[in-house]
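Chains, contacts and geometry: an overview
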Amino acid sequence: MNAYLHRVATGEVLELAPVSILGRSLECQIIVSDPRVSRRHAMIRKQEGGFHLFDLGSFNGSYLNGARVTAVRKLNNGDIITFADHEFRYAQVGETPKPVVTAENLDGSTIAHVSHNPVIIIVSDVKGFTALSEAVEADELAQIIGSWYADCERVLSEVGATVDKFIGDCVLAYWTAVEPATLRAALHAAEQLLASCERIYGVRPDVFERIGRRFEVGVALHAGKVAYGGMSRSEFTLVGDPVNVAFRFESLTRELGRSVVISGDFVREMPSLRPYCKSHGVQVVRGRTQSLEAFSLNEFPAG
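Residues numbered from 1 in each chain as written. Predicted model: local features only at pLDDT ≥ 70, side-chain atom pairs only at ≥ 80, totals over all residues. Heavy atoms only, no water.

Overall, the coordinates contain 16 salt bridges when judged by the stated rule. Across the pair R204 and E140 runs a salt bridge whose closest N-O atoms are separated by 3.6 Å. A residue pair is termed long-range when its members are at least 10 positions apart, and R204 in the loop between helix 3 (180-203) and helix 4 (205-211) and E140 in helix 2 (residues 138-158) qualify at 64 residues. For the pair R204 and E140, a shared accessibility class is recorded, and that class is buried. A salt bridge links R199 to D151; the shortest N-O distance between them is 3.1 Å. In this pair, R199 sits in helix 3 while D151 sits in helix 2, placing the two residues 48 residues apart along the sequence. On the basis of relative accessibility, which here comes to 35%, the residue R199 falls in the partly exposed class. (Salt bridge = Lys/Arg side-chain N within 4 Å of Asp/Glu carboxyl O. Helix = DSSP H or I, 4+ residues; strand = E, 2+ residues; numbered from the N terminus. Buried < 20%, exposed > 50% of the residue type's maximum accessible area, 1.4 Å probe, protein only.)

Bringing the packing of aromatic side chains into the picture now. Applying the stated criterion to the full structure yields nine aromatic pairs. Plain terms: the ring middles of F54 and Y149 are 4.8 Å apart, the flat faces sit at 85° to each other, and that makes the pair edge-to-face. Here the residue F54 occupies a position in strand 6 (residues 50-55), and Y149 occupies one in helix 2, the gap between them amounting to 95 residues. Summarising the burial analysis for this pair, F54 and Y149 share the class buried. Judged by centre distance (6.4 Å) and plane angle (75°), the rings of W148 and F166 are edge-to-face. Pair noted here: W148 is in helix 2 and F166 is in strand 13 (residues 162-167), with a separation of 18 residues, a long-range link. Of the two residues, W148 and F166, neither departs from the other in class, the shared state being buried. Here a set of aromatic residues connected by ring pairs shows up, and it is made of F54, W148, Y149 and F166. Directly above the aromatic system of Y201 lies the positively charged group of R214, at a separation of 3.8 Å from the ring centroid. (Phe/Tyr/Trp six-rings, centres within 6.5 Å; stacked < 30°, edge-to-face > 60°. Lys NZ or Arg CZ within 6 Å of the ring centre and 35° of its normal.)

The next point concerns the sheet that holds strand 3 (residues 19-23). Backbone hydrogen bonds hold the strands of a sheet together, and the pairing may be parallel or antiparallel. In space, the five strands of this open sheet follow the order 4-3-5-6-9, with mixed pairing throughout. A single partner strand is all that each edge strand has here, and the edge strands are strand 4 (30-31) and strand 9 (73-74). Across six bridges, the pairing between strand 5 (residues 42-47) and strand 6 is antiparallel. Opposite I44, over in strand 6, you have L53 as the bridge partner. With respect to the sheet, helix 2 is in contact with strand 3, strand 5 and strand 6, its orientation differing from that of strand 6 by roughly 115°. (Pairing = 2+ DSSP bridges. Contact = heavy atoms within 4.5 Å. Axes fitted to C-alpha atoms, helices over the stretch in contact; angles between N-to-C directions.)

Moving on: helix 5 (residues 241-255). Quick reminder: α-helices carry 3.6 residues per turn. Residues three or four places apart thus point the same way. For helix 5, built from 15 residues, the straight-helix expectation of 21 Å at 1.5 Å per residue is met to within 8% by its first-to-last C-alpha distance of 21 Å. Among the residues of helix 5, P242, V243, V245, A246, F249, E250, L252 and T253 are the ones counted as buried. Just downstream of helix 5 lies G257, where phi reads positive at about 65°. (Expected span 1.5 Å × (residues − 1).)

What follows concerns the packing of helix 2 against helix 3. Packing of helix 2 against helix 3 leaves a shortest axis separation of 10 Å and a crossing angle of 150°. When the axes of helix 2 and helix 3 are compared, the pair comes out roughly antiparallel. Considering the relative orientation of helix 2 and helix 3, their crossing is right-handed. Counting all contacts with helix 2, which are made through Q143, I144, S147, W148, D151, C152, R154, V155 and L156, the residues of helix 3 involved are A189, Q192, L193, S196, R199, I200 and V203. Class assignment for the residues of the contact of helix 2 with helix 3 results in nine nonpolar, four polar and three charged. (Parallel < 35°, antiparallel > 145°, perpendicular 65-115°, else oblique. Left-handed = near helix turned anticlockwise from the far one by under 90°. Nonpolar A, V, L, I, M, F, W, Y, C, P; charged D, E, K, R; others polar.)

Further remarks concern the sheet that holds strand 2 (residues 13-15). Spatially, six strands are ordered 2-1-11-10-7-8 in an open sheet, and the strand pairing comes out antiparallel. A strand with exactly one partner marks an edge of an open sheet, and here the two such strands are strand 2 and strand 8 (67-68). Looking at chain direction, strand 1 (residues 2-7) and strand 2 are connected through three bridges and run antiparallel. Within strand 2, the position partnered with L5 by the bridge is L14.

Taking 1.5 Å of rise per residue, 24 residues should cover 34 Å, and helix 3 covers 35 Å from first to last C-alpha, within 8% of that figure. Maximum bend of helix 3: about 25°, positioned at C197. Among the residues of helix 3, T182, L183, A185, A186, L187, A189, A190, L193, S196, C197, I200 and Y201 are the ones counted as buried. (Bend = angle between axes of the 7 residues up to and from the residue.)

Here the focus is the side chain of Q143. Among the secondary structure elements, Q143 is positioned in helix 2. Taking the relative accessible area as the measure of exposure, Q143 reaches 10% and is therefore buried. One polar contact links Q143 to R204, side chain to side chain, over a distance of 3.3 Å. Once residues lying within four places of it in the same chain are set aside, the contact partners of Q143 are D55, L56, G57, S58, R68, V203 and R204. (Polar contact = N/O pair within 3.5 Å; in protein donor to acceptor, adjacent residues only side chain to side chain.)

Below, the discussion takes up the nonpolar core. Core analysis: the biggest nonpolar cluster contains 51 residues, and I122, W148, L156, W175, F215, I262 and F266 have the highest contact counts within it. The greatest single-element share of this core, amounting to ten residues, is contributed by helix 3. The residues touching W148, leaving out its near neighbours within four places in the chain, are S124, V126, F166, D169, C170, V171, I200, F215 and V217. Counting 19 residues, the second-largest nonpolar core is a separate cluster that includes I44, F51, L75 and F83. (Core = buried A, V, L, I, M, F, W, Y, C linked by side-chain atoms within 4.5 Å.)

Printed below as a string of structure tokens:
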């Protein structure tokens with residue numbers, strides 16, 4: 001599916017990338033030169049079979065069909081997106097139904113390529129998101145979570161990770177090689193995601209002071225062999241047991257009261273990490289017959 005934004009005022013047509021940041025910064029994929037528009041104002045991301053609009057904690061807000069965006073919104077053909085008084089009309093070209101693959105038409109068909117390789121997986125989730133949702137107004141929550149999405153995108157892209165998807169208050173990303181450089185990159189990403197908590201707190205300190213809580217995330221790291229690639233025309237993702245393990249280990253950050261939980265498989269790939277870790281023994285993973293040792297990180301290694 002291809003999608004576009006049409007600037008209503010000029011008729012300019014802008015093709016959307018899988019992830020497009022909109023704002024007045026020259027680093028944005030779609031630039032809106034107006035001091036009323038934030039530097040990184042909004043994001044349009046392709047996921048779950050369509051394009052979704054996120055406000056990135058903008059000062060003046062993002063509007064969809066005249067209503068302020070206070071949560072992630074899936075875009076539909078003809079929707080009007082507004083920043084200040086800049087209007088964009090969303091348009092998409094629908095998918096062509098996939099042909100039935102037979103011996104007669106195989107040579108003319110494009111088959112989705114799915115790789116089966118070891119990868120490094122990182123999962124990060126906002127701690128206490130349900131309580132946070134109950135304690136703050138929807139527009140305040142949208143600013144906070146939108147800023148966190150943007151920070152995740154920045155941190156993970158800087159260390160060469162591929163963001164698979166955002167699921168509510170959770171992000172899943174991966175590296176398609178398990179080697180010293182990517183193992184170090186994953187640790188650096190975990191460290192930066194924890195550091196981002198202070199930056200997100202700074203987006204709306206008034207909100208956090210009012211409810212008497214901090215902004216915190218949990219991070220899990222795991223290494224294993226998965227299938228990844230185009231599972232359909234609209235879905236490029238990871239599939240396999242290691243994905244389940246990574247999500248389970250992220251949930252352990254709350255059960256164990258730790259910020260970073262790392263699988264035994266990750267530690268085996270990077271034995272120099274062992275002195276920086278604390279073992280929490282073998283953990284049962286739901287739906288999995290084989291258990292796996294879990295470690296938490298006491299401190300990040302230098303370098």
